[in-house]
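Listed here are the chains, written in short residue letters.
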Amino acid sequence: MAETEKGIRCRGCGCGHFSVVKTTRAPRNRVMRKRECRHCGQILVTYEAAAGEQLGGELDELTPKQRESLLTRVMQLLGLG
Ligand SMILES: [Zn+2]
């Protein structure tokens, strides 16, 4: 289930198919993955536990609007927004 991308949706076309274009270490034993939509090229960033455990559960507790603003903020921090 490590590759499950539940809850991740492209903001460009709404699909859930991404390829990982970059994986980097993040604080607090996390791994940051930069993903690119296979359909429209929209970039989004996810954080996962280093062991491979997805943070999807935490993200799912957010409302879509909260998740959107969180992702927007991360993208801005990374200079992608
Ligand atoms: Zn897309």
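To be clear, the structure that these remarks concern was listed above.
What you are looking at is a predicted structure, and each value in this text was computed from that prediction instead of being measured.

Thresholds, definitions, all that
Residues numbered from 1 in each chain as written. Predicted model: local features only at pLDDT ≥ 70, side-chain atom pairs only at ≥ 80, totals over all residues. Helix = DSSP H or I, 4+ residues; strand = E, 2+ residues; numbered from the N terminus. Buried ≥ 20, exposed ≤ 12 C-beta atoms within 10 Å, placed from the backbone. Contact = placed C-beta atoms within 7 Å. Pairing = 2+ DSSP bridges. Axes fitted to C-alpha atoms, helices over the stretch in contact; angles between N-to-C directions. Expected span 1.5 Å × (residues − 1).

Undergrad: Help me out: how do you make sense of the overall build of the protein in this one?
TA: On a plain count of helices and strands, the protein comes out with two helices and three strands. Taken from the N to the C terminus, the helices and strands of the protein come in the order β-β-β-α-α. By the burial criterion, 7% of the 81 residues in the protein qualify as buried. For the protein, the proportion of contacts with a sequence separation of at least 24, taken over those separated by at least 6, is 33%.

Undergrad: Sorry, what's going on with the sheet that holds strand S3 (residues 43-49) here?
TA: The pairing of strands in a sheet happens through backbone hydrogen bonds and is either parallel or antiparallel. An order of S1-S2-S3 is seen for the three strands of this open sheet, with the pairing classed as antiparallel. A single partner strand is all that each edge strand has here, and the edge strands are strand S1 (18-26) and S3. Neighbour-to-neighbour, the strand axes of the sheet open up by a mean angle of 25°, direction not taken into account. Pairing between S1 and strand S2 (residues 30-37): eight bridges, direction antiparallel. For Ser19, the partnering residue across the bridge sits in S2 and is Glu36.

Undergrad: How do you make sense of the pairing of S2 when you look at a structure like this?
TA: A regular strand places its side chains so that they alternate between the two faces of the sheet. Summarising the sheet, S2 and S3 pair through seven bridges and their orientation is antiparallel. Within the sheet, the bridge partner assigned to Lys34 lies in S3 and is Val45. In this structure, the hairpin formed by S2 and S3 is closed by a connection of five residues, where Gly41 is found at a positive phi of approximately 85°.

Undergrad: Quick question: what am I supposed to make of the environment of Gly7 here?
TA: The topology assignment puts Gly7 in the segment before S1. Sequence separation between Gly7 and Arg67 is 60 residues; the distance between their C-alpha atoms is 9.8 Å.

Undergrad: Explain helix H2 (residues 64-77) here, please?
TA: Residues separated by three or four positions in an α-helix point in the same direction, a consequence of the helix having 3.6 residues per turn. For H2, built from 14 residues, the straight-helix expectation of 20 Å at 1.5 Å per residue is met to within 8% by its first-to-last C-alpha distance of 20 Å. Among the 14 residues that make up H2, zero are buried, leaving the element largely open to the surroundings. Once H2 finishes, Gly79 follows within two positions and takes phi at roughly 75°, a positive value.

Undergrad: How do you make sense of unusual backbone geometry when you look at a structure like this?
TA: Most peptide bonds adopt trans geometry, and most residues besides glycine take a negative phi value. Positive phi, normally seen in glycine, also occurs at Arg28, with a value near 60°. Within the element layout of this structure, Arg28 appears in the loop between S1 and S2. Residue classification places Arg28 among the exposed residues on the basis of 7 C-beta atoms within 10 Å. Non-glycine residue Asn29 carries a positive phi angle of around 60°. Note on placement: Asn29 falls in the loop between S1 and S2.

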